Amino acid sequence: QAKQAGLELKNEKIDVCICSPFTRTKETAEQILKYHPETKIVYDNRLEEVDFRNNLLTKDEVEYLDTNGWGKYWYDGLPDNGKRAVTVLKNEAKNIIEDIKSKYFGNTILIVSHGTRIRSFKMYLDNININKWEDIPHPKNCEIIKYSFNKSKLLCEDFIEEYFDSLLEEDDYFLLESKEYRG
């Protein structure tokens, strides 16, 4: 639950929360930030759920899937297994993360978003090849992922994952801690 996640993050320093503008993510962020009343919330449309039909796939790809059938996953059945679209996701993730890092360097940032967007962030931050998209697990509800950065370099040794059960569906939390590396 978001309340449980809020309790777990109660003692974390959170300077800014960047949140998808969807109602359920706003409510989730509010629950987590109950213990952080000073935290600024920024709603960012780039963190919305990925709309495969209208925004990610080309008109030709949608027509192909409509004609030949949609598989279990959005990329099933595409001639390139979705590689073009996954490349777009990874590039979007890079642009979003680098923009956030540049605007909020030195701050601890909580990102509240959705599963596919979180997977694309992991793909970019962990430098996972687009051919391995299917190997990136869909985040569990209320999964908290922590990354630490020094300027633009990811400090992999600071990677921590914690899992929470939630009644809310498909809301995931991504905690970015941006700090200067001394050492």
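This structure is a prediction, so every number in the text was calculated from the model and none was measured.

K.L.:
Is there a simple way to explain helix α5 (residues 83-103) in this structure?
P.N.:
Given 3.6 residues to a turn, an α-helix orients residues that are three or four positions apart in the same direction. Along its 21 residues, α5 runs 30 Å from first to last C-alpha, staying within 8% of the 30 Å computed at 1.5 Å per residue. All of the buried residues along α5 are Ala85, Val86, Leu89, Lys90, Ala93, Ile96, Ile97, Ile100 and Lys101. Viewed end-on, α5 has its buried residues packed into an arc of 140 degrees, placing them on one side of the element. The exposed residues of α5 that point more than 90 degrees off its buried face are Asn95, Ser102 and Lys103.

K.L.:
Quick question: what am I supposed to make of the pattern of salt bridges here?
P.N.:
Close approach of charged atoms lets side chains of opposite charge pair. Counted according to the given criterion, the structure contains nine salt bridges. Linking Glu92 and Arg117 is a salt bridge whose minimum nitrogen-to-oxygen distance equals 2.9 Å. Highlighted residues: Glu92 in helix α5 and Arg117 in helix α6 (residues 115-125), separated in sequence by 25 residues. We note a salt bridge from Asp99 to Lys103, for which the minimum N-O separation is 3.3 Å. Remark: Lys103 and Asp99 occur in helix α5; sequence separation between them is four residues, near one turn of the helix. Since its relative accessible area comes to 21%, Asp99 is described here as partly exposed. What makes Lys103 exposed here is its relative accessible area of 55%.

K.L.:
Whenever I open this one, the confidence of the model for the protein chain confuses me. Can you help?
P.N.:
Close reading of the predicted structure is inappropriate where its pLDDT is low. When pLDDT is averaged along the protein chain, the result is 76; 81% of the residues meet or exceed 70. The weakest mean pLDDT in the protein chain belongs to strand β6 (residues 160-162) at 29; the strongest belongs to strand β2 (residues 40-43) at 94. Segment residues 151-173: pLDDT under 50, and 84 contacts once partners within four positions in sequence are set aside and those in other chains are kept. Under a pLDDT of 50 for its full length, residues 176-183 has, in the predicted model, 30 contacts with residues more than four places off or in other chains.

K.L.:
Would you mind going over the packing of α5 against α6 with me for this structure?
P.N.:
Describing two packed helices takes the angle between their axes plus the distance from one axis to the other. Running from N to C, α5 and α6 point in directions that differ by 80 degrees, and their axes come no closer than 8 Å. Viewed along their axes, α5 and α6 adopt a mutual orientation that is roughly perpendicular. Facing α5, whose interface residues are Val86, Leu89, Lys90, Glu92, Ala93, Lys94, Ile96, Ile97 and Glu98, α6 presents Thr116, Arg117, Ser120, Phe121, Met123, Tyr124 and Leu125. Looking at side-chain class alone, the contact of α5 with α6 contains nine nonpolar, two polar and five charged residues.

K.L.:
For this particular structure, what's the right way to read the nonpolar core?
P.N.:
The nonpolar side chains of a soluble globular protein tend to be buried with one another. Ile18, Ile100, Ile109, Ile111 and Phe121 are the most contacted members of the largest nonpolar core, which has 17 residues in total. Broken down by secondary-structure element, the contributors of at least two residues to this core are β1 (16-19), α5, β3 (108-113), α6 and β4 (144-150). In terms of nonpolar packing, the next biggest core, distinct from the first, is built from 15 residues, Val50, Tyr75, Val86 and Leu89 among them.

K.L.:
How should I be thinking about unusual backbone geometry in this particular structure?
P.N.:
With glycine set apart, most residues show a phi of negative sign, and most peptide bonds adopt trans. Here the phi dihedral of Asn127 falls at roughly 55 degrees; this positive angle occurs in a residue that is not glycine. Assignment of secondary structure puts Asn127 in the loop between α6 and β4.

K.L.:
For this particular structure, what's the right way to read the packing of aromatic side chains?
P.N.:
The geometry of an aromatic ring pair comes down to the distance between the two centres and the angle between the two planes. Under the criterion given, the structure shown has zero aromatic pairs. Taking the ring centre of Tyr43 as reference, the NZ or CZ of Lys26 above it sits at 4.9 Å. In this structure, Arg119 packs its charged tip against the face of Trp133, placed 4.1 Å from the ring centre.

K.L.:
Teacher, can you tell me more about α6 here?
P.N.:
Judged by how many residues are buried, α6 sits mostly within the fold: 11 of 11 residues are covered. Along α6, the residues that are buried comprise Gly115, Thr116, Arg117, Ile118, Arg119, Ser120, Phe121, Lys122, Met123, Tyr124 and Leu125.

Each value, and the rule that gives it
- Residues numbered from 1 in each chain as written.
- Predicted model: local features only at pLDDT ≥ 70, side-chain atom pairs only at ≥ 80, totals over all residues.
- Heavy atoms only, no water.
- Helix = DSSP H or I, 4+ residues; strand = E, 2+ residues; numbered from the N terminus.
- Expected span 1.5 Å × (residues − 1).
- Buried < 20%, exposed > 50% of the residue type's maximum accessible area, 1.4 Å probe, protein only.
- Arc of directions from axis to C-beta.
- Salt bridge = Lys/Arg side-chain N within 4 Å of Asp/Glu carboxyl O.
- pLDDT = per-residue confidence, 0-100.
- Contact = heavy atoms within 4.5 Å.
- Axes fitted to C-alpha atoms, helices over the stretch in contact; angles between N-to-C directions.
- Parallel < 35°, antiparallel > 145°, perpendicular 65-115°, else oblique.
- Nonpolar A, V, L, I, M, F, W, Y, C, P; charged D, E, K, R; others polar.
- Core = buried A, V, L, I, M, F, W, Y, C linked by side-chain atoms within 4.5 Å.
- Phe/Tyr/Trp six-rings, centres within 6.5 Å; stacked < 30°, edge-to-face > 60°.
- Lys NZ or Arg CZ within 6 Å of the ring centre and 35° of its normal.

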